[in-house]
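# Per-entry structural report
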Amino acid sequence: MLNISCTYCRAPINLSDGDLAQAVHGAEGKRPKSTPVTCPNCRRTNKVPFDRVRQAYRLAGSPPPEEATPAAEGEAAV
Ligand SMILES: [Zn+2]
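Attention here is on the structure that accompanies the text. (Residues numbered from 1 in each chain as written. Predicted model: local features only at pLDDT ≥ 70, side-chain atom pairs only at ≥ 80, totals over all residues.)

### Observations regarding the overall build of the protein
In terms of helices and strands, the protein carries two helices and four strands. The secondary structure elements of the protein, listed N-terminal to C-terminal, are β-β-α-β-β-α. By the burial criterion, 15% of the 78 residues in the protein qualify as buried. Intrachain contacts of the protein at a sequence separation of at least 6 include 58% that bridge at least 24 residues. (Helix = DSSP H or I, 4+ residues; strand = E, 2+ residues; numbered from the N terminus. Buried ≥ 20, exposed ≤ 12 C-beta atoms within 10 Å, placed from the backbone. Contact = placed C-beta atoms within 7 Å.)

### Side note on the pairing of strand β4 (residues 45–49)
Here five bridges tie strand β3 (residues 34–38) to β4, and the two strands are oriented antiparallel to one another. Bridged to V37 within β4 is N46. A loop of six residues connects β3 with β4, the two strands running antiparallel in sequence, and R43 in this loop sits at a positive phi of about 65 degrees. (Pairing = 2+ DSSP bridges.)

### A closer look at unusual backbone geometry
Positive phi values are uncommon outside glycine, yet R10 reaches one of about 70 degrees. Within the secondary structure, R10 is located in the loop between β1 (2–5) and β2 (12–15). Of note, R43 is a non-glycine position whose phi angle comes to about 65 degrees, a positive value. Mapping R43 onto the fold places it in the loop between β3 and β4.

Structure follows, in structure tokens:
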């Protein structure tokens, strides 16, 4: 999890572990300078340094991205 503040309206933005996973895996091994994050309050796009996202992702235990998780058949996860 990573908490940042919106550059434009100062609203807190909460990136879940799943969001971090998607950002890191979405980079596909590349190392972009920043990750675009949309503010839930003003809908503007903040650029979060990728290193920060990746570090938070590691601290979270590097969970697999939610979308990549194969759907369990007949069994709801957790
Ligand atoms: Zn904002």
